[in-house]
Amino acid sequence: MRTMASFEAPPEKEEGFRKAKRLEIFTIGWMLSIILVVFLTMGSSQAMKAAWVEDLLSLVPPIAFLIANRFRNREPDSKFAYGYHRASGISFLVAAVALTIFGLYILFDSVMALVMAEHPTIGLTTIFGREIWSGWLMIVALTYSAIPPVILGRMKLSLAEELHEKTLFTDAEMNKADWLTAVAGIVGILGVGMGWWWADSVAAGIISLDICKDGMTSLKEVVEDLMDTHPTTVKEHKPDPLPERVKQELERLDWVDGAEVRLREMGHVYVGEAFVAPKDQNDLISRLQYARELVESLDWRLHDISMVLVPKDRLVPNGREKQRESTQSAPRLEQWQG
Amino acid sequence: MAKRFVAGGCISPLVLLFALACVGSGCDMPRDPVNTLERVRGGTLRVGIVENDPWVRISESEPSGVEIDLVKQFADEVGASRIEWVQGSEDELMEVLTKYDLDLVVGGLVQSSPWSKNVGFTRPYFQSEVVVGIPGTNHPPDLEGLEVAVQPPSAAEAILAKKGAVPVRMTDLSEALGPVAAPAWKIESLGMTPTRHDLTKLKHVMAVPPGENGWLVRLERFLLAREPHVKEALKEVRP
């Protein structure tokens with residue numbers, strides 16, 4: 001079987017990937033320290049447990065990224081002719097399912113705690129030879145858990161957009177929102193301190209809703225990716241105008257009568273086919289070769305685009321053209337570009 | 001995700017945390033959801049007691065024992081006007097405690113009790129190692145095949161058997177002529193020498209109603225300060 005061409009990102013992007021890798025390794029290190037600190041102070045607080053699970057799960061996107069990053073430049077071979085770009089999708093699917101299930105579990109747990117009117121017991125602890133209420137220590141731990149992710153999240157966000165890295169983006173977004181978990185947890189613990197036993201479970205419930213939301217968002221995104229959705233932009237999550245641009249560039253060639261493209265995302269590269277209807281049949285091989293080079297030079301993400309020659313009336317599959325014009329899909333494409 | 005919140009609120013999380021911390025430190029935290037501490041002050045302290053020598057001894061007149069003394073001192077400290085003793089089994093008393101109809105349960109409770117999830121346990125205020133003690137100074141090199149006296153019920157029995165020793169049940173350890181397994185303080189009061197063969201650790205706690213954190217913290221502070229006295233009191237326990 002013919003494999004796909006091997007992919008090499010431009011040098012400045014490679015530098016970006018190296019930076020992203022460093023950031024993700026940092027993230028894992030910080031998260032591990034946070035996970036340890038929160039675990040040690042957790043006690044019987046429901047909110048702390050929820051925050052801990054969320055911290056634990058925020059390890060998943062960085063790990064998924066690092067795994068994918070290892071496979072990213074691996075050459076396609078006869079066994080995996082389309083290359084290894086999809087590796088991240090698989091790890092992400094697993095992570096998203098786990099995230100959602102954990103979120104639901106904690107939500108159930110907190111609702112049960114509220115229904116059963118379970119009063120969280122939080123007693124004394126000794127730190128540096130002094131006895132203090134453990135709640136204070138929990139608040140310190142939660143504050144610690146809030147700060148590094150927010151900083152790292154902001155650093156990763158712009159990099160994710162530049163590299164068209166959705167795993168990195170999801171990770172950055174999750175990190176950025178992490179402080180909300182910490183604040184919810186702190187409010188819960190302070191509530192318990194005030195004698196409001198329900199505050200802890202309510203805080204845990206809020207955190208678990210956030211975990212569920214993270215999970216659902218990731219699940220939706222990864223399923224869309226694995227289903228070859230229309231390529232989307234990383235930040236706004238809107239249809240990418242790039243396929244339309246490829247089509248327009250092809251139509252501008254003087255020997256081209258009409259063009260269509262069909263692209264999908266594989267990791268951070270776009271692959272697929274460009275369908276070209278020529279005006280005449282002169283010198284088609286070198287013309288196609290030129291067109292292909294032109295297309296691939298438009299954007300670094302466009303990779304191994306197959307050029308397919310079709311008669312003009314077959315640019316759109318049988319009978320679909322009428323259907324397409326009669327439905328909303330054409331105006332929607334226009335609207336997407338705006 | 002949380003983007004909307006951030007954009008809408010524009011509140012720096014640190015400012016928020018700081019404000020909350022200030023609010024928090026102003027008042028006496030933690031407080032009790034069911035106001036146990038406040039109610040006991042000037043009122044009745046309702047104590048569940050489980051017979052467990054030397055911690056709680058039940059007699060016809062008044063209960064006595066190491067933990068009974070501690071409870072009396074604590075009642076004085078928090079200003080309770082009287083103490084109501086309620087005798088029962090551990091399960092009965094704990095069940096009542098979860099319904100807030102008792103303020104405290106004592107009776108040689110240890111941290112490993114399965115009730116720890118349903119009621120509030122104090123931090124261990126006294127720990128004692130269960131060890132093998134010997135009458136003389138002739139330390140046995142290992143426990144293999146050694147006959148060791150234990151006073152049932154004791155978790156040490158199973159641990160001894162697992163380590164290859166032969167546990168022998170005795171109702172009164174002071175009559176033992178050979179090695180015994182007992183908490184370190186008891187080995188001392190029997191006039192024996194503890195060996196390096198430790199079997200398990202007993203972490204003594206008291207139980208309060210679940211979530212009564214103000215009450216719990218008050219009791220924990222009291223017990224921590226009493227730890228040396230507990231050791232002294234155990235030395236005076238007659239074997």
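Quantities reported herein were computed from a predicted structural model and do not represent experimental measurements. (Residues numbered from 1 in each chain as written. Chains lettered and ligands numbered in written order. Predicted model: local features only at pLDDT ≥ 70, side-chain atom pairs only at ≥ 80, totals over all residues. Heavy atoms only, no water.)

**Looking at the overall build of chain B**
Line of reasoning, step 1. Within chain B, the regular secondary structure consists of eight helices and 10 strands.
Line of reasoning, step 2. Counting over 239 residues, chain B shows a buried share of 45%.
Line of reasoning, step 3. Here the contacts in chain B between residues at least 6 apart in sequence split such that 72% fall between residues at least 24 apart.
Line of reasoning, step 4. On chain B, roughly 12100 Å² of surface is accessible, and the fraction owed to carbon and sulfur atoms is 53%. (Helix = DSSP H or I, 4+ residues; strand = E, 2+ residues; numbered from the N terminus. Buried < 20%, exposed > 50% of the residue type's maximum accessible area, 1.4 Å probe, protein only. Contact = heavy atoms within 4.5 Å. Areas by Shrake-Rupley, 256 points an atom, 1.4 Å probe, with all protein chains shown as cover.)

**Observations concerning the environment of Pro239 of chain A**
All names here are of chain A.
Line of reasoning, step 1. As for its position among the elements, Pro239 is in the loop between α7 (198–226) and α8 (242–252).
Line of reasoning, step 2. For Pro239, a relative accessible area of 17% translates into the label buried.
Line of reasoning, step 3. Residues Pro239 and Thr229 lie 10 residues apart in sequence; the distance between their C-alpha atoms is 9.1 Å.

**Some points on the nonpolar core**
Line of reasoning, step 1. Met48, Leu142 and Ile189 of chain A are the most contacted members of the largest nonpolar core, which has 60 residues in total.
Line of reasoning, step 2. Looking at this core, the elements that each hand over two or more residues are α1 (11–41), α2 (46–57), α3 (60–72), α4 (87–115), α5 (134–163), α6 (166–193), α7 and β4 (269–278) of chain A.
Line of reasoning, step 3. For Met48 of chain A, the residues in contact, after removing those within four places along its chain, are Val38, Thr41, Met42, Met138, Ala141, Leu142 and Ile189 of chain A.
Line of reasoning, step 4. Counting residues in each nonpolar core, the second largest holds 30 residues, with Leu37, Trp55, Val66 and Val237 of chain B among its members. (Core = buried A, V, L, I, M, F, W, Y, C linked by side-chain atoms within 4.5 Å.)

**Topic: the packing of aromatic side chains**
Residues and elements named next belong to chain A.
Line of reasoning, step 1. Using the criterion set out here, one finds 10 aromatic pairs over all chains in the structure.
Line of reasoning, step 2. Aromatic pair Trp30 and Tyr144: ring centres 6.1 Å apart, planes at 55°, arrangement tilted. In this pair, Trp30 is assigned in helix α1 and Tyr144 in helix α5, connecting sequence segments 114 residues apart.
Line of reasoning, step 3. Consider the rings of Phe71 and Tyr84, whose centres lie 5.7 Å apart with planes at 15°: the pair is stacked. Here the residue Phe71 occupies a position in helix α3, and Tyr84 occupies one in the loop between α3 and α4, the gap between them amounting to 13 residues.
Line of reasoning, step 4. Of the residues examined, Phe71 reaches a relative accessible area of 25% and is grouped as partly exposed.
Line of reasoning, step 5. Residue Tyr84 is classed as buried on the basis of its relative accessible area of 14%.
Line of reasoning, step 6. What links up through ring pairs into an aromatic cluster is the set Phe71, Phe80 and Tyr84.
Line of reasoning, step 7. When the ring centre of Tyr82 is taken as reference, the NZ or CZ atom of Arg264 above it lies at 5.6 Å. (Phe/Tyr/Trp six-rings, centres within 6.5 Å; stacked < 30°, edge-to-face > 60°. Lys NZ or Arg CZ within 6 Å of the ring centre and 35° of its normal.)

**Some details on the side chain of Glu54 of chain A**
Line of reasoning, step 1. Looking at where Glu54 of chain A falls in the secondary structure, it is placed in helix α2.
Line of reasoning, step 2. Although buried, Glu54 of chain A forms no salt bridge, and the nearest oppositely charged side chain, Lys213 of chain A, lies 10 Å from it. (Lys, Arg positive; Asp, Glu negative; His and termini not counted. Salt bridge = Lys/Arg side-chain N within 4 Å of Asp/Glu carboxyl O.)

**Brief notes about the sheet that holds strand β7 (residues 166–169) of chain B**
Residue and element names in this part refer to chain B.
Line of reasoning, step 1. One open sheet holds the five strands; their spatial order is β7-β6-β8-β5-β9, and the pairing between them is mixed. What marks the edges here is a single partner per strand, and that holds for β7 and β9 (193–204). Across the sheet, the mean angle from the axis of one strand to that of its neighbour is 30°, orientation sign disregarded.
Line of reasoning, step 2. Strand direction decides the pairing type here: strand β5 (residues 126–134) and β9, joined by eight bridges, are antiparallel. (Pairing = 2+ DSSP bridges. Axes fitted to C-alpha atoms, helices over the stretch in contact; angles between N-to-C directions.)

**Observations concerning the pattern of salt bridges**
Line of reasoning, step 1. Per the counting criterion, the structure on display carries 25 salt bridges over all chains.
Line of reasoning, step 2. The partner of Arg123 of chain B in a salt bridge is Glu131 of chain A, and the shortest N-O contact between them spans 3.8 Å. Of the two residues, Arg123 of chain B sits in the loop between β4 (120–121) and β5 while Glu131 of chain A sits in strand β2 (residues 130–133), which places them in two different chains.
Line of reasoning, step 3. Relative accessible area serves as the criterion here: at 25%, Arg123 of chain B is assigned to the partly exposed category.
Line of reasoning, step 4. Relative accessible area serves as the criterion here: at 27%, Glu131 of chain A is assigned to the partly exposed category.

**Here we look at the packing of α5 of chain A against α6 of chain A**
All names here are of chain A.
Line of reasoning, step 1. Running from N to C, α5 and α6 point in directions that differ by 160°, and their axes come no closer than 7 Å. On the basis of the axis angle, α5 is roughly antiparallel to α6. Pair α5 / α6 crosses with left-handed handedness.
Line of reasoning, step 2. Counted by class, the contact of α5 with α6 contains 18 nonpolar, six polar and six charged residues. (Parallel < 35°, antiparallel > 145°, perpendicular 65-115°, else oblique. Left-handed = near helix turned anticlockwise from the far one by under 90°. Nonpolar A, V, L, I, M, F, W, Y, C, P; charged D, E, K, R; others polar.)

**Notes on α3 of chain A**
Residues and elements named next belong to chain A.
Line of reasoning, step 1. Here α3 contains 13 residues, and its C-alpha end-to-end distance of 18 Å stays within 8% of the 18 Å for a straight helix at 1.5 Å per residue.
Line of reasoning, step 2. Turning to α3, its buried residues are Pro61, Pro62, Ala64, Phe65, Leu66, Ala68, Asn69 and Arg72.
Line of reasoning, step 3. For α3, the elements touching its buried residues are α1, α2, α4 and α6. (Expected span 1.5 Å × (residues − 1).)

**Some points on the sheet that holds β4 of chain A**
Residues and elements named next belong to chain A.
Line of reasoning, step 1. Within the open sheet, the three strands sit side by side as β3-β4-β5. Their pairing is mixed. A single partner strand is all that each edge strand has here, and the edge strands are β3 (256–266) and β5 (302–309). Here the strands of the sheet are splayed against their neighbours by 20° on average, with no regard to which way each runs.
Line of reasoning, step 2. Against the sheet, α8 engages β3, β4 and β5, with an angle of about 155° to β3.

**Focus: the pairing of β3 of chain A**
Residues and elements named next belong to chain A.
Line of reasoning, step 1. The buried fraction of β3 amounts to eight of the 11 residues, a majority that puts the element mostly inside the structure.
Line of reasoning, step 2. Direction of pairing for β3 relative to β4: antiparallel, over a ladder of 10 bridges. Along β4, the bridge assignment pairs Arg262 with Glu273.
Line of reasoning, step 3. Between β3 and β4, which pair antiparallel in sequence order, lie two residues; one of them, Gly267, sits at a positive phi of approximately 65°.

**Points about α5 of chain A**
Line of reasoning, step 1. Helix length check: α5 of chain A (30 residues) gives 44 Å between terminal C-alpha atoms against 44 Å at 1.5 Å per residue, within 8%.
Line of reasoning, step 2. Positive backbone phi, at 55°, marks His164 of chain A, one or two positions downstream of α5 of chain A.

**Here we look at unusual backbone geometry**
Outside of glycine, negative phi angles account for most residues, and trans bonds account for most peptide bonds.
Line of reasoning, step 1. A cis amide bond, omega 5°, links Asp53 of chain B with the succeeding residue Pro54 of chain B.
Line of reasoning, step 2. For the peptide bond that leads from Pro152 of chain B to Pro153 of chain B, omega is 0°, which places it in the cis range.
Line of reasoning, step 3. Its place among the elements puts Pro153 of chain B in the loop between β6 (147–150) and α6 (156–162).
Line of reasoning, step 4. If you check the backbone angles, Phe128 of chain A has positive phi at about 50° while not being a glycine.

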